[in-house]
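Okay, here's what each chain looks like letter by letter:
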Amino acid sequence: MADTFDVVVIGGGPGGYVAAIRAAQLGLKTACIDEAKVSDGKPALGGTCTNVGCIPSKALLQSSEYYEHAGHGFADHGIKVKGLDLDLSTMLKRKEKVVKSSNDGVLYLFKKNKIQFFHGRGSFGKSPNELLVGGQTLQAKHVIIATGSNPRALPGADFDEKLILSNTGALAIPDVPKRLGVIGAGVIGLEMGSVWRRLGADVTILEALPAFLGAADEAVSKEAAKIFSKQGLKIEVGVKVGRIEARKTVKVQYTAADNSSKTLDVDKLIVSIGRVPNTEGLNAAGVGLKVDDRGFIAVDGECRTNLPNVWAIGDVVRGPMLAHKAEEEGVAVAERIVGQKPHIDFNTVPWVIYTAPEIAWVGETEQQLKARGADYRAGSFPFMANARARAIGDTSGFVKFLADAKTDQILGVHIIGPFAGELIAEAVVAMEFRGSSEDIGMICHAHPSLSEAMKDAALAVDKRSINF
Ligand code: FAD
Ligand code: NAI
């Protein structure tokens, strides 16, 4: 007899595990299938985000930033560090501990919420309501697919995780490479490039587009380009990558922006040119599940697939590949299953890039506003003029508000600077409540705090900034 569930979730990443918890909270009999495992074969719940994404990358970003501060930043504060030494093995082990505690956290939450967990690869059986996992058959009234994404490889340069690295290998290089190449100056390229540069690698990033961070506000990406190049990250834009040869080192032939032919010779190469949705082994075609021409599971605005009672969320469907976007969709789908009417505003999904300085934004960029002919006003405030930033000793970057010229409603907020990833939350709240720049400008912000830069930038929209 097959086990019967109200909801079976395939995939235990931030989309899937959050969907399962919310479904269980709503009284639904819920199971989650996930195949990820650690080296001893035990489950590694939490998906890409926990195992080889958000969590380990942020652990290494933090450790490498401390190392850089100890080597270069503390002297300014009058702190002399003698005999500074890098113990990379301990740094990597610490990262693994952080990952494991997150894996265990999800397992604990499953137990707490009485979610039945099946460890193995899940696939559709004879019908969309029948799921197979490790020789067992489950019957599900509703199925939520949350199978995530995989790194995209360059043609002719498969990942071996020794010389040519995806995010998985990039998070576990056992010795700091002397010369590290990165293809793609996107989010992973910049974050992982920063980690290994801080630890001592000579990092060159090759980017196909004429500018990098195209999704960010132009003022932010220009500032980022200046700051990153000062830090020593070499970013070459407008290149066309050709043949890649991996023997003892990796030789990347490419055409530079000026049309000259060049070769980059590096000890390791990270390829971070985007990710592809993962539907491998699901038997999607067998049950008639519609997949679009880019491999994403086709869904409507509410994450419904073409099959009744089959839903899909997270990286495997359209929209930004972000953990918090996957989580919001997971919660919303569970609530829709019980007849509730949740709403996700994709315009208020924030982006954070955890470089130093951090980059964060929400809403529209200035170039998007110009492209749609919007009547808007802009206000910016540099961290140099913020007392807390000066006290911390991190004055790079700025906050920029964009607001409707007539109504003053906030249309976008763009930050490059210290703790941008935390500061952006205020802008998200304001935009969710359809707040105006004046609303933020009128709110009392603690002094001295970085959040005062938000207030000052909001006031700058009306040319009323106090401190600049
Ligand atoms: P995933 O997290 O990919 O989880 C899918 C799960 O499903 C996996 O555990 C997989 O093993 C399992 N699975 C797949 N198919 C099957 C099957 N048939 N049967 C059983 N199990 C299956 N996002 C952020 O918001 N912030 C960040 O800081 C951030 N940093 C990142 C850093 C890196 C290096 C990378 C690669 C990504 C990062 N992301 C970040 C993106 C984030 O990891 C993804 O958007 C998020 O993990 C997507 O969640 P998901 O639940 O859709 O899928
Ligand atoms: P990305 O889409 O952020 O960047 C890929 C970059 O590679 C782009 O700039 C693109 O123009 C470039 N590119 C593509 N093909 C190329 C080629 N042949 N040669 C040279 N350059 C090429 O993708 P990335 O960095 O792989 O990350 C994948 C996704 O993971 C991100 O889009 C994001 O959704 C998620 N992520 C989120 C993080 C965060 O929120 N902090 C951190 C890391 C990843």
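**Student:** An account of the sheet that holds strand S13 (residues 250-255) is requested, with residue identities and associated values reported.
**Tutor:** Spatially, S12-S13-S14 is the arrangement adopted by the three strands of the open sheet, whose pairing is antiparallel. Each end of this open sheet is capped by a strand with a single partner; those strands are strand S12 (240-246) and strand S14 (261-266). Ignoring which end each strand starts from, the neighbouring axes of this sheet average 20 degrees apart. With six bridges connecting them, S13 and S14 associate as antiparallel partners. Within S14, the position partnered with Tyr 254 by the bridge is Lys 262.

**Student:** Outline the side chain of Glu 358, listing residues and values.
**Tutor:** Among the secondary structure elements, Glu 358 is positioned in strand S19 (residues 358-363). It turns out Glu 358 is buried and unbridged, and the closest side chain with the opposite charge, Arg 198, is 8.2 Å from it. Residues within four places of Glu 358 in sequence aside, it is in contact with Ile 353, Ile 415, Ile 416, Gly 417, Phe 419, Ala 420, Gly 421 and Glu 422.

**Student:** Hey, could you go over the packing of aromatic side chains for me, with residue numbers and the actual values?
**Tutor:** For any two aromatic rings, the description comes down to two numbers: the centre-to-centre distance and the angle of the planes. Overall, the coordinates contain five aromatic pairs when judged by the stated rule. Ring centres of Phe 212 and Phe 228 lie 6.5 Å apart, and the angle between their planes is 35 degrees; this geometry places the pair in the tilted category. Placement of the pair is Phe 212 in the loop between strand S10 (202-206) and helix H7 (218-231) and Phe 228 in helix H7, with a sequence separation of 16 residues. Taking the centre distance of 5.7 Å and the plane angle of 10 degrees together, the rings of Trp 351 and Trp 361 count as stacked. Taken together, the positions of Trp 351 in strand S18 (residues 351-353) and Trp 361 in strand S19 put the pair ten residues apart, joining distant regions of the chain. For Trp 351, a relative accessible area of 24% translates into the label partly exposed.

Here is what the cut-offs are and how they apply
- Residues numbered from 1 in each chain as written.
- Chains lettered and ligands numbered in written order.
- Predicted model: local features only at pLDDT ≥ 70, side-chain atom pairs only at ≥ 80, totals over all residues.
- Heavy atoms only, no water.
- Pairing = 2+ DSSP bridges.
- Helix = DSSP H or I, 4+ residues; strand = E, 2+ residues; numbered from the N terminus.
- Axes fitted to C-alpha atoms, helices over the stretch in contact; angles between N-to-C directions.
- Buried < 20%, exposed > 50% of the residue type's maximum accessible area, 1.4 Å probe, protein only.
- Lys, Arg positive; Asp, Glu negative; His and termini not counted.
- Salt bridge = Lys/Arg side-chain N within 4 Å of Asp/Glu carboxyl O.
- Contact = heavy atoms within 4.5 Å.
- Phe/Tyr/Trp six-rings, centres within 6.5 Å; stacked < 30°, edge-to-face > 60°.

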